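# Descriptive structure summary
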Amino acid sequence: MIPQALALGKVVRRIDWTAQQFSIVVQADVAPFVAGQFTKLALQNEQGDWIRRAYSIVNSPQEYAQTGELEFLIVAAPNGQLSAKLQLLQRGDAVGVGKQSSGFMTLAEVPSYAKELWLMASGTGIGPYISMLKSPSLPFEKIVLVHAVRTEGDLVYASQIAQLQAHHRRLTLVKIVSREIVSGALSGRIPQLLRNGALEQAASLSLDPDSSFVYLCGNPSMVKDTGVALNERGLNKHLRRAPGHYSFENYW
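Residues numbered from 1 in each chain as written. Predicted model: local features only at pLDDT ≥ 70, side-chain atom pairs only at ≥ 80, totals over all residues. Heavy atoms only, no water.

### Side note on the nonpolar core
Rule in force here: For the purposes of this section, nonpolar cores are sets of buried Ala, Val, Leu, Ile, Met, Phe, Trp, Tyr and Cys residues that join through side-chain atoms within 4.5 Å. Buried, partly exposed and exposed residues are distinguished by accessible area as a fraction of the type maximum, computed with a 1.4 Å probe on protein chains only: under 20%, between the cut-offs, and over 50%, respectively. Helix and strand definitions here come from DSSP, where helices need a minimum of 4 consecutive H or I residues and strands a minimum of 2 consecutive E residues; each element is numbered from the N-terminal end.
In this structure, Leu119, Tyr129 and Tyr215 are the most contacted members of the largest nonpolar core, which totals 27 residues. Counting residues per element, this core draws most heavily on helix 3 (residues 127–133), which supplies four residues.

Have a look at this one:
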């Protein structure tokens with residue numbers, strides 16, 4: 001029997017980006033969510049226990065209201081208890097989906113002083129940002145989307161991002177590839193590129209404590225190291241009781 005906190009969803013389609021990175025679209029009856037939030041995906045193991053992990057929702061709440069579908073971007077870990085099993089799912093297969101979404105990495109949490117929004121992601125961390133960027137109202141003068149990956153093939157959702165850029169003229173995309181030299185992309189890691197000024201140069205925008213707010217999502221080491229680099233620039237972690245300059249969602 002499926003746990004009470006889960007709804008039984010059905011895979012309706014999938015996209016294989018690389019050998020290990022893929023997206024699945026799941027039809028499920030769950031509570032409304034806010035762009036930027038995450039929920040749980042779950043499958044039973046050989047012993048019948050439900051293995052659950054948190055994954056951000058890529059599509060927007062408006063799209064879910066119209067289709068009843070949720071999209072997730074996933075990397076299959078070689079020894080992952082769940083991700084490797086999720087990679088095997090095909091159209092029509094069942095998967096558990098959390099009925100309630102969670103998370104405070106949303107547009108509503110951005111302090112009112114912010115005129116420029118920086119969305120910095122590594123790997124699959126770009127997922128919740130795509131959901132945010134589909135929001136009907138983005139009250140910022142400039143938005144910078146930073147996507148740091150290992151190889152060019154990991155630069156997923158390129159067509160959707162291009163459509164978002166066409167819709168939001170103030171949206172700038174900065175691509176970073178660490179293991180290949182790719183035309184039009186920076187080389188290295190986000191913290192290093194913050195320290196040497198290359199990231200701001202590529203974005204044609206400076207980080208300003210008086211007007212900039214940063215969200216971080218992705219690999220825990222990226223989040224930690226980028227937080228240190230932001231601290232060095234005079235940007236402090238955002239707390240509800242003390243508004244700051246950057247925040248992140250920690251569900252790994």
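### Here's the deal with the pattern of salt bridges
What counts here: Put simply, a salt bridge is a Lys or Arg side-chain nitrogen that is within 4 Å of an Asp or Glu carboxyl oxygen.
The tally for this structure, following the rule as stated, stands at seven salt bridges. Of the charged contacts in the structure, one is a salt bridge between Glu69 and Arg13, with a shortest N-O distance of 3.1 Å. Of this pair, Glu69 sits in strand 5 (residues 69–75) while Arg13 sits in strand 1 (residues 6–16); the two residues are 56 residues apart in sequence, bridging distant segments of the chain. Taking the relative accessible area as the measure of exposure, Arg13 reaches 45% and is therefore partly exposed. Of the charged contacts in the structure, one is a salt bridge between Arg189 and Asp225, with a shortest N-O distance of 3.3 Å. Taken together, the residues span a long stretch of sequence, with Arg189 in the loop between strand 10 (186–187) and helix 5 (190–195) and Asp225 in helix 7 (residues 220–232) at a distance of 36 residues. On the basis of relative accessibility, which here comes to 29%, the residue Asp225 falls in the partly exposed class.

### Describing unusual backbone geometry
Backbone geometry places Tyr157, a non-glycine residue, at a positive phi of 60°. You can see Tyr157 is positioned in the loop between strand 8 (142–149) and helix 4 (158–167). Of note in this structure, Ser204 is not a glycine but carries a positive phi near 55°. Among the structural elements, Ser204 can be located in the loop between helix 6 (198–203) and strand 11 (212–217).

### So, the packing of aromatic side chains
The test is simple: The rule is short: rings of Phe, Tyr and Trp, with Trp giving its six-membered ring, pair when the centres are within 6.5 Å, and they are stacked under 30 degrees, edge-to-face over 60, tilted in between. Lysine NZ or arginine CZ positioned within 6 Å of the ring centre and within 35 degrees of the ring normal marks a charge as sitting over the ring.
If you walk through the whole model with that rule in mind, you get three aromatic pairs. Ring geometry for Trp17 versus Tyr157: centroids 4.8 Å apart, planes at 55°, classification tilted. Linking Trp17 in the loop between strand 1 and strand 2 (21–27) with Tyr157 in the loop between strand 8 and helix 4, this pair joins segments that are 140 residues apart in sequence. Positioned above the aromatic ring of Phe248, the side-chain terminus of Lys237 is 5.0 Å from the ring centre.

### Thoughts on the environment of Leu186
Topologically, Leu186 is positioned in strand 10. Placed 41 residues apart in sequence, Leu186 and Leu145 show a C-alpha to C-alpha distance of 13 Å.

### Focus: the sheet that holds strand 1
Under the convention used in this document: Whether two strands pair depends on DSSP finding at least two bridges between them. Here an axis means a line fitted to C-alpha atoms, over the contact stretch when the element is a helix, while the angle between two N-to-C directions is reported on a 0 to 180 degree scale.
The strand order 4-3-6-1-2-5 describes an open sheet built from six strands, whose pairing is antiparallel. The two strands at the open ends of the sheet, each matched to only one other strand, are strand 4 (50–56) and strand 5. Here the strands of the sheet are splayed against their neighbours by 40° on average, with no regard to which way each runs. Bridging between strand 3 (residues 38–44) and strand 4 involves seven bridges; their strand directions are antiparallel. Paired with Phe38 across the two strands is Ser56, which belongs to strand 4.

Shape descriptors only; they carry no functional weight alone.
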